[in-house]
Amino acid sequence: MGRARLARLHGIATSYEPAPGRSVQITDDTVVAVLAALGVDASTPHAVRTALAASAEAMDAALLPRTVVARTGRPPDLTGLPEGSVLGVETEDGAAQELGAPDPAALARLPLGIHVLHAHSPDGRTARAPLIVAPDRVPAPPRRSHGFLVQLYSLLSRQSWGMGDLGDLADLAAWSGRALGTGFVQLNPLHAAVPGPPTDPSPYRPSSRRFPDPVHLRIEHIPEYAHLTGAARLRADGLATRAAALRAGVLEGGALIDRDAVWALKREALELLWKVPLGPGRRAEYCDFLAEQGQALEDHATWCAIAELHGPNWRGWPAGLREPRAAGVARLRPQLLDRIDFHCRLAWFTDQQLAGAQRAAREAGMGIGLVHDLAVGVHPSGADTWAQQDAFAAGMSIGAPPDAFNARGQDWGLPPWRPDALAAAGYAPYRELLRQLLRHAGALRIDHVMGLFRLWWVPEGRPPTEGTYVRYDGEAMLSVLALEAHRAGAAVIGEDLGTVEPGVRGALAERGVLGTSVLWFERDYGEPAPEAAPTSASAPPPESAASARILAPDEWRSACLATVTTHDLPPTAARLTGEDVALRERLGLLAGPPERERSRARYELVEWMRELARRGLLPEGAGDEEGAVRAVHRFLLRTPARMIGVWLPDAVGDRRPQNLPGTWDEYPNWRVPISGPDGRPHTLEELAASPRLHALMRELSDGRF
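Residues numbered from 1 in each chain as written. Predicted model: local features only at pLDDT ≥ 70, side-chain atom pairs only at ≥ 80, totals over all residues. Heavy atoms only, no water.

**Notes on the overall build of the protein**
What counts, and what does not: Each helix is a run of H or I in the DSSP string that is no shorter than four residues. Each strand is a run of E no shorter than two, and both are numbered from the N terminus. Computation of the radius of gyration draws on C-alpha atoms alone. For the globule rule, the value is 2.2 Å times the number of residues to the power 0.38. Between buried and exposed lies partly exposed: a residue is buried under 20% and exposed over 50% of the maximum accessible area for its type, with that area taken using a 1.4 Å probe on protein chains only. In what follows, a contact means two residues having at least one pair of non-hydrogen atoms within 4.5 Å.
When helices and strands are counted, the protein shows 21 helices and 23 strands. Whereas a compact globule of 705 residues would reach a radius of gyration of roughly 27 Å, the protein reaches 27 Å, a difference of no more than 12%. Its C-alpha atoms put the protein at 80 × 75 × 50 Å along the principal axes. A total of 705 residues make up the protein; the buried ones form 56% of that total. Across the protein, the fraction of contacts at a sequence separation of at least 24, relative to all contacts at a separation of at least 6, is 72%.

**As for the pairing of strand β7 (residues 126–134)**
To be explicit about the condition: Pairing between strands is defined by DSSP: at least two bridges between the two strands are required.
Note: strand β3 (residues 68–71) against β7, four bridges, orientation parallel. The residue bridging R71 from the neighbouring strand is A134, located in β7. Alignment of strand β6 (residues 113–120) against β7, held across eight bridges, turns out to be antiparallel. By the bridge assignment for β7, H118 is matched with R128.

**Regarding the sheet that holds strand β12 (residues 369–374)**
Here is the rule: To get an axis, a line is fitted to the C-alpha atoms, and for a helix only the part in contact is used. The angle between two axes follows their N-to-C directions and goes from 0 to 180 degrees.
Judged by pairing direction, the sheet is parallel, and its eight strands sit side by side in the order β18-β15-β12-β9-β8-β23-β22-β19 without closing on themselves. Unpaired on one side and paired on the other, β18 (491–494) and β19 (515–518) mark the two borders of the sheet. Put simply, the sheet's adjacent strands are angled 25 degrees from each other on average, direction ignored. With four bridges connecting them, strand β8 (residues 145–150) and strand β9 (residues 184–187) associate as parallel partners.

**Details of the packing of helix α5 (residues 166–180) against helix α10 (residues 337–363)**
As a reminder, the rule being used: With respect to orientation, any angle under 35 degrees is reported as roughly parallel, any angle over 145 as roughly antiparallel, any angle of 65 to 115 as roughly perpendicular, and every other angle as oblique. Gly falls in the polar group here, along with every residue not listed as nonpolar (Ala, Val, Leu, Ile, Met, Phe, Trp, Tyr, Cys, Pro) or charged (Asp, Glu, Lys, Arg).
Direction vectors running N to C along α5 and α10 enclose 10 degrees, while the axes themselves pass 8 Å from each other. With respect to α10, the axis of α5 lies roughly parallel. Between α5 and α10, the contacting residues are L166, L169, A170, A173, A174 and R178 on the first element and T350, Q353, L354, A357, A360, A361 and E363 on the second. Of the residues in the contact of α5 with α10, the class split is nine nonpolar, two polar and two charged.

**Comments concerning the nonpolar core**
The tendency in soluble globular proteins is for nonpolar side chains to be buried as a group. Under the convention used in this document: Side-chain atoms within 4.5 Å link the members of a nonpolar core, which is a set of buried Ala, Val, Leu, Ile, Met, Phe, Trp, Tyr and Cys residues.
Core analysis: the biggest nonpolar cluster contains 68 residues, and Y427, Y430, W457 and L481 have the highest contact counts within it. With residues up to four places along the chain from it excluded, the contact list for L481 reads V138, Y430, L434, I446, L452, V492 and V513. In this structure, L172, A360, V652 and L687 belong to the second largest nonpolar core, which totals 57 residues.

**Re the side chain of D373**
Selection criterion: N or O atoms within 3.5 Å of each other form a polar contact, as long as, within protein, one can give a hydrogen and the other can take it, and as long as residues adjacent in sequence are counted only when both atoms are side-chain atoms.
Residue position: D373 is located in strand β12. Within the structure, the side chain of D373 is placed 2.6 Å from the side chain of Y204, a separation counted as a polar contact. Excluding residues within four positions of it along the chain, D373 makes contact with L187, N188, P189, H191, Y204, L444, R445 and D447.

**Details of the pattern of salt bridges**
Keep this limit in mind: Salt bridge, as applied in this entry: a Lys or Arg side-chain nitrogen positioned within 4 Å of an Asp or Glu carboxyl oxygen.
Enumeration according to the criterion identifies 57 salt bridges in this entry. One salt bridge in this structure joins R445 and D373, with 2.9 Å as the shortest N-O distance. Remark: D373 occurs in strand β12 and R445 occurs in strand β15 (residues 443–446); sequence separation between them is 72 residues. Side by side, R445 and D373 carry an identical accessibility label, which is buried.

**A short note on empty space enclosed by the protein**
Operational definition: Grid points spaced at 1 Å and placed over the protein atoms alone form the basis of the search, with a cavity being a set where a 1.4 Å probe fits but cannot get out and a pocket an open set showing protein on both sides within 12 Å along at least five of seven lines. Lining residues have an atom within 4 Å of a point. Grid points are joined across faces, edges and corners, and a volume is the space filled by probe spheres set on the points.
Under the defined criterion, the tally for this structure stands at five cavities of 30 Å³ or more. Space inside the largest cavity adds up to approximately 240 Å³. Considering the residues around the largest cavity, the lining is formed by 23 residues, among which R209, V376, W417, G451 and L452 are closest to the centre. No other element matches the three residues that helix α13 (residues 428–437) contributes to the lining of the largest cavity. Class assignment of the residues belonging to the lining of the largest cavity gives a composition of 18 nonpolar, three polar and two charged. Here the second largest cavity defines a volume of roughly 210 Å³. The wall of the second largest cavity is formed by 18 residues, among which F211, P212, L354, Q436 and L437 lie closest to the centre. Every element with two or more residues in the lining of the second largest cavity is listed here: β11 (208–212), α10, β12 and α13.

**So, the layout of surface pockets**
When its volume is computed, the second largest pocket comes out at roughly 1200 Å³. For the second largest pocket, the lining is made up of 31 residues, of which L9, P65, R66, A423 and D473 are closest to its centre. Of all the elements in the fold, those that place two or more residues in the lining of the second largest pocket are α3 (45–61), β3, α12 (419–424) and α14 (474–488). Residue classes in the lining of the second largest pocket are distributed as 18 nonpolar, six polar and seven charged.

**A closer look at the sheet that holds strand β16 (residues 454–459)**
Reading across from one edge, β14-β13-β16-β17 is the order of the four strands in this open sheet, with antiparallel pairing throughout. The sheet terminates laterally at β14 (410–414) and β17 (468–471), the two strands that pair on one side only. Each strand axis lies, on average, 50 degrees off the axis of its neighbour in the sheet, ignoring direction. Pairing geometry for β16 and β17, over four bridges, is antiparallel. Bridged to R454 within β17 is R471. Contacts from helix α2 (residues 28–37) reach β13 (396–400), β16 and β17, with the element oriented near 105 degrees to β16.

**Brief notes about the pairing of β13**
On a regular strand, each side chain points to the face opposite its neighbour's, so the side chains alternate between the two faces of the sheet. Summarising burial for β13: five of the five residues are buried, a large majority. By the alternation rule, side chains of β13 split into M396, I398 and A400 and S397 and G399, which are all buried. Pairing between β13 and β16: four bridges, direction antiparallel. Within the sheet, the bridge partner assigned to M396 lies in β16 and is P459. Across three bridges, β13 lies against β14 in antiparallel orientation. Bridge pairing links I398 to L414 in β14.

**Here's the deal with helix α6 (residues 230–252)**
Selection criterion: Take the residue count of a helix, subtract one, and multiply by 1.5 Å to get its expected span.
Its 23 residues give α6 an end-to-end C-alpha distance of 33 Å, which sits within 8% of 33 Å, the value for a rise of 1.5 Å per residue. Residues of α6 that are buried include every one of A236, L239, A243, R247, V250 and L251, and no others.

**Quick notes on unusual backbone geometry**
Cis geometry marks the peptide bond from G196 to P197, where omega comes out at 0 degrees. Relative to the helices and strands, P197 resides in the loop between β10 (191–192) and β11. The linkage connecting P197 with the following residue, P198, adopts the cis geometry, with an omega of -10 degrees. A positive phi angle is found at Y427, which is not glycine, with a value near 60 degrees.

**Some details on helix α17 (residues 579–586)**
In an α-helix, one full turn covers 3.6 residues, which means residues spaced three or four apart are oriented alike. Condition: Note: the arc covers the axis-to-C-beta directions of the helix.
Those residues of α17 that sit buried are D580, V581 and L583. Buried residues of α17, seen end-on, are gathered within an arc of 160 degrees and therefore sit on one face of the element. In this structure, the buried residues of α17 make contact with α16 (572–577) and α18 (594–614). Backbone geometry just downstream of α17 places G588 in the positive-phi region, at approximately 70 degrees.

Written as C-alpha cells, this is what we have:
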C-alpha cells in the first residue's frame, strides 16, 4: 500500500487498462526499478516509509511548485502559499514587478514568456521558480492546404551524392509550391545520427535531436566550395566523381542508399571546406551563430570530437570523459579545439541550408513550408544523453505495452526524460529542443505525441511486458509547446495513432495541436460495417474486417493532417495490388495463415472500392490502379481536414515501403529510393515530369483549396 502511494506521488502507474474494463497490475519489481530511476529507494518497507516521509516533508516545505505554469483562462494553483505571502516576478527581459498578495489570475495576464516567480512567506521563507506564461493555443495553419510527405534521403536528384539532401529539399519545395500549389513539405526527422560505420539508418533513433545531421548537406551549395583551389579543388572534383558513381549505383544499378558511403565522401569534402578561410562577413555570421547556440552547440561538438577518438558510445569512454563538465573533458578540450570548431562549422552549414530550404518554400507561395519531425527519443549512448545526463532516466527505455497487434509489447531502446528533472529545470531541455527544431519550420510534427502525457518505461534487461506508464505534466508540456510554437509562428501536428489514453486527443485539440488521420484507420469501431460481397466463394469476409464502419468524410475531424498512408505503412499501390501482404508473407511477418490474411486484405479493399464508387469518387472503375489512388485522395478532399498529405512515393506508384516494422536485416528499412511501379528509382527531375504524379496532383490543386 505504501509503495503504491509512493508510486502515485511520482506519477508511476501501478496498473493500466489495455482495453476498457480490463486491468493489468504492474509488478512490485517494476515499480521499485522505476522509482530507483527517479532517485527514490523503495526496495524495502523501511525505505518506502523513509521515502514517503521525505516526500511529505518536501511538499510541506515547498512554497511553490518546481515550475509554475499560467495561461489565459487557467491561472496556476498557488493554494499552498501561506496567508500573507507576497509575490514578485522577474520577467524574461529583466524587468521586476512586485505583485503583492497572491493573485493567480494576475500571473496569467503577464507577458508571454519564461519568467521567474519569487515568493516570500510571513514566516521568513523564500522561494523562486520558473514561471511559464503561455498562449492558450498553438498557431493554426494559415489556410487549408495540401502537400507532400517525404523521407528526404529517398529523394535523389541528378545532383545529390547518393541520397537526398537539402538542395533537393529546396528544389522540391520551390517546384511543388509554384507548379502544384502545395502548402507544405513534411519530412522525416533530420536529427544527427550516431556516427558509424555502420550508422543506424533509422531517423527515429538519433544521437541528438537538438542538431541536424550534416550528411544532408549539398556540398556544392556551401559558399566556400567556390573558393577551393589547387590540390583541394582536384580532391573535391575527385570526390564529386565518386559521388556520381554512388548516385548512379542507386538510380541505375539497383543499389540501396548507403548512408555511410555518402558520409565518407561528404566528410572528406567538408574537411576541405573547413580549411577555406571565411571572409569577414561570413566570419561575422559564424560568430553570431556560435554565440546564439552557446553551450548546447559546444557540448554537441565536443561529444563529436571525443567520439572521433574513443567511438560513439560515451558510456565506454575513459571515466574522466563521461560527463561534459568533468575535469578530464576540460583538460582534453584544448587539444580538440580544431575538431570542435569543425563540428560547429558543420552545424552552421546545415543550419544555413535548412534556412535556405524554408526560404525557398515560402518564396514559392507555401503557407507553411517545411514540416519538421521530432522523434520520440534519442540513442542511449549519443550526444544528447551525454550532454544532458540529469534529464534522462538511467537504466530505462521507452516502448509500448502489449496490445492486440503485439502481444509482447515493444522496447524502442530510447531513454526517457525524467519528468521531475524537466520540472526542476523549468522545462529548459524541452524548450531548447523545440526552439531548435522550429528555427526553420512552418510546422512541427511530434512523433508519438501521447508521450507529452505519459510514456511506457521498460527497466533495462526486462521484457516490455514488465514496464509501466510514467506520467508527465501534460499541461506544462503543452504550454511550453504552445509558447515556442507561438514564438516561431508554427503549427503543430501530433502523431496520435495507436493506443491513445482517454482525454488526450481532447487536450491536444483544446490547445490547437492537429491530429493525424490515416484513411485506412478512420472507422467507427462501435458500429459494424455494411455487408460486402464475399472475396471468394470459399472465403467469407473475415470478422475483423466487418467489425467497423468506414467513417463518412464529414465525420472526420477538421483539426488534423489527413493522409492515405505513412512511412510505417504500405504504399497505396502495394495495398491495392496485394503486394504488401505478399511481402510480409515472404518475410514471415503475417499474424495468421497466409490465405486468411490475403482474404482479409481483399475484403477490406473491396469494401473501400465499393465505398468510393458509391460516393462517385471512382469513375475509372475498381480495376484501374492509378484511378484508385486518385480516388482515395478525392475522398480526403471531401473531409474537413485542415491539411492533406500526399505520400510522395504514392504519386508515382511506388510499391516498396520505406520502413517495415518488425524487421531489421530482413528488409532494407530507410534505404530505398522513391521508385515507380516497376521498381526503377525516380529522380526528382523525373518526379517533376511524371504524368502520373501530375494527374494525381491536379485532383488537389484544381481550386478546391
